[in-house]
Amino acid sequence: MKVRDLQHEMLPDTSVEARSRQEAVVALRRLLNTRVRPHNVAAFECEALPAFVTANGRAPQSPDDVRDAFLMSPSYRRWSAANRAAQEMIWVSVGEPIYRDLDRMRTAARSLMDAPDRKGSLSLDPAYDPSPEVADTDIHLQPGGYALDQGEDDVAAGALYECGGNVFSFGQGIGRGDSKAGVVLRLLDEHFEGFRPHRILDIGCSAGAASAAYAAHDPEAEVHAVDIGAGMLRYAHARAESLGVAVHFHQMDAAAMTFADESFDLVVSHNLMHEIGQDKRRAMIREARRLVRPGGIVIHQDVAIRNQPTLVHQVERDWDTHFNGEVHWSTYATADLRADMIAAGFAPDEVVEHDLAALQGFANNRWYAISARKPAA
């Protein structure tokens, strides 16, 4: 199950025309990411920098200065406008088949979740008010955001996340055989030889792809997953049931989970740190350490946008903060995550940062992860 476009009952019935539109968006995004974007830094030097100096009588000195300079570059503005349009096109291309087939998908979800032989479970909290830090933002422009919930049986948020995420990822040059869970499982094999977790927690599980992958990888493991949105979690639960794997989904805030201390062997998060602010990120990291058992492992995996070589590169990679609904993108990219792990209680020699190659796709595709093992009692 460590692939990006698994077929299952919860996916919308997509026509040939709709698939063609999605493939066109993938092709456009690949063009923008692989052929155009690499020239943005050069455009800064030959267009943005001279324009800024002429306008201000000095060179750019701060990230805000560099951002202002970039916006003086016609080449950068063309790429930025096209990239924003391509991102919006993702949601148009996947939204039409989802909403056309949504009644069937809701019925299928209810049937899967109510099946007498279901393997996992779903626990929703009617009193829970999803964190506005996440719920009030259409992260990467996903319509309605992660907490979208259009009433009982609604699964649109999860369908949008999975289908839109596939179009986005393929447009980045990520291969069908790459997955965030697969990268972490490889990391476990290579750096923690012989470790076999019996109880796993996936924090910020979204549509449940990684959660289901862990359950499929080791059917004997008990896998739990948390997220904030009821619609997202209904989809994730039904998706896992359709795939025949057992995952227990819970509606909780990552910064304040209700599991007992030291109740998991492996605690993971995938692409969560760049979608929450500093305070919630630090609280989530503290929670992860609280929940992992002695001898257990914590791994937080995310996008590889950290440690850029220059300020210009850093600001260029920060486009998503300002134009793609990723309001904490820069906060994550510049954070001292090692210090956060140590402040949560891990000893410095327990914390390791990893630069990980993707399992499949373009050769320069990378993932970031930070891991720590809690000392055995």
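Residues numbered from 1 in each chain as written. Predicted model: local features only at pLDDT ≥ 70, side-chain atom pairs only at ≥ 80, totals over all residues. Heavy atoms only, no water.

**A few points about the packing of helix α1 (residues 16-36) against helix α4 (residues 74-100)**
1) Next: Running from N to C, α1 and α4 cross one another at 160 degrees; their axes reach a closest spacing of 9 Å. Classified by the angle between their axes, α1 and α4 sit roughly antiparallel to one another. The two elements α1 and α4 meet at a crossing, and its hand is left-handed. Contact with α1, carried on its side by Ala18, Arg21, Gln22, Val25, Leu28, Arg29, Leu32 and Val36, involves Trp79, Ala82, Asn83, Ala86, Gln87, Met89, Ile90, Ser93, Val94, Glu96 and Pro97 of α4 and no other residues of that element. (Axes fitted to C-alpha atoms, helices over the stretch in contact; angles between N-to-C directions. Helix = DSSP H or I, 4+ residues; strand = E, 2+ residues; numbered from the N terminus. Parallel < 35°, antiparallel > 145°, perpendicular 65-115°, else oblique. Left-handed = near helix turned anticlockwise from the far one by under 90°. Contact = heavy atoms within 4.5 Å.)

**Side note on the pattern of salt bridges**
1) Next: The full count for this structure, using the stated rule, is 25 salt bridges.
2) Next: Here Arg100 ties to Glu96 by a salt bridge, and the two come within 3.1 Å at their closest N and O atoms. With a gap of 4 residues between them, Arg100 and Glu96 both fall in helix α4, about one helical turn apart.
3) Next: Exposure remark for Arg100: the relative accessible area of 45% places this residue in the partly exposed category.
4) Next: For Asp265, the salt bridge identified is with Arg293, shortest N-O distance 3.3 Å. In this pair, Asp265 is assigned in strand β5 (residues 264-270) and Arg293 in strand β6 (residues 292-303), connecting sequence segments 28 residues apart.
5) Next: Through salt bridges with shared partners, a single network forms among Arg21, Glu96 and Arg100. (Salt bridge = Lys/Arg side-chain N within 4 Å of Asp/Glu carboxyl O. Buried < 20%, exposed > 50% of the residue type's maximum accessible area, 1.4 Å probe, protein only.)

**Quick notes on the sheet that holds strand β7 (residues 351-357)**
1) Next: Read from one edge of the open sheet, 8 strands run β1-β4-β3-β2-β5-β6-β8-β7, paired in mixed fashion. The sheet is open, and its two borders are formed by β1 (121-123) and β7, each paired with just one other strand. Ignoring which end each strand starts from, the neighbouring axes of this sheet average 20 degrees apart.
2) Next: Examined bridge by bridge, β7 and strand β8 (residues 366-373) share 7 bridges and lie antiparallel to one another. Residue pairing in the sheet places Asp355 in a bridge with Tyr368 of β8.
3) Next: In the packing of helix α8 (residues 180-191) onto the sheet, contacts are made with β5, β6, β7 and β8, and the angle to β7 comes to roughly 120 degrees.
4) Next: Sitting on the sheet, helix α10 (residues 230-243) touches β1, β3 (222-227) and β4 (247-251), and the angle it makes with β4 is about 175 degrees. (Pairing = 2+ DSSP bridges.)

**Describing empty space enclosed by the protein**
Empty space among the atoms becomes apparent when a probe as large as a water molecule is rolled across them.
1) Next: For the coordinates displayed, the defined rule picks out 2 cavities of 30 Å³ or more.
2) Next: Approximately 200 Å³ is the volume found for the largest cavity.
3) Next: If you go around the largest cavity, you meet 17 residues; those closest to its centre are Val134, Gly204, Asp227, Ile228 and Leu272.
4) Next: Broken down by class, the residue content of the lining of the largest cavity amounts to 9 nonpolar, 4 polar and 4 charged.
5) Next: Estimated volume of the second largest cavity: approximately 30 Å³. (1 Å grid on protein atoms, 1.4 Å probe; cavity = no way out; pocket = protein on both sides within 12 Å on 5 of 7 lines; lining within 4 Å. Points joined across faces, edges and corners; volume = space filled by probe spheres on them. Nonpolar A, V, L, I, M, F, W, Y, C, P; charged D, E, K, R; others polar.)

**Quick look at the packing of aromatic side chains**
1) Next: Scanning the model with the defined rule gives 8 aromatic pairs in all.
2) Next: Among the aromatic residues, those joined into a cluster by ring pairs are Phe44, Phe70, Tyr76, Trp79, Trp319 and Phe323.
3) Next: The residue whose ring lies beneath Arg289 is Phe346, and the NZ or CZ to ring-centre distance is 5.2 Å.
4) Next: The positively charged end of Arg306 is found above the aromatic ring belonging to Tyr332, 5.6 Å away from the centroid. (Phe/Tyr/Trp six-rings, centres within 6.5 Å; stacked < 30°, edge-to-face > 60°. Lys NZ or Arg CZ within 6 Å of the ring centre and 35° of its normal.)

**As for helix α3 (residues 63-70)**
1) Next: Where α3 is concerned, the buried positions are Asp65, Val66, Arg67, Ala69 and Phe70.
2) Next: As for α3, its buried residues are in contact with α2 (40-56), α4, α12 (311-317) and α13 (319-323).

**Let's talk about the environment of Tyr76**
1) Next: Here Tyr76 shows up in helix α4.
2) Next: Those residues within four positions of Tyr76 in sequence are excluded, and the remaining contacts are Asn40, Phe70, Leu71 and Trp319.

**Considering the environment of Tyr146**
1) Next: Among the secondary structure elements, Tyr146 is positioned in the loop between α6 (132-135) and α7 (156-171).
2) Next: Separated by 115 residues in the primary sequence, Tyr146 and Leu31 have C-alpha atoms spaced 28 Å apart.
3) Next: In contact with Tyr146, not counting residues within four places along its chain, are Val134, Ile139, His140, Ala157, Tyr161, Gly229, Met232 and Glu275.
4) Next: Looking at Tyr146, its side chain comes within polar contact range of the side chain of His140, at 2.8 Å. (Polar contact = N/O pair within 3.5 Å; in protein donor to acceptor, adjacent residues only side chain to side chain.)

**Comments concerning the layout of surface pockets**
1) Next: Counted as a void, the second largest pocket has a volume near 450 Å³.
2) Next: Around the second largest pocket, the lining is made up of 17 residues, and of these Asp5, Gln7, Arg19, Gln22 and Asn166 lie nearest the centre.
3) Next: Among the secondary structure elements, those contributing two or more residues to the lining of the second largest pocket are α1, α4 and α7.
4) Next: Here the residues of the lining of the second largest pocket are counted per class, giving 9 nonpolar, 5 polar and 3 charged.

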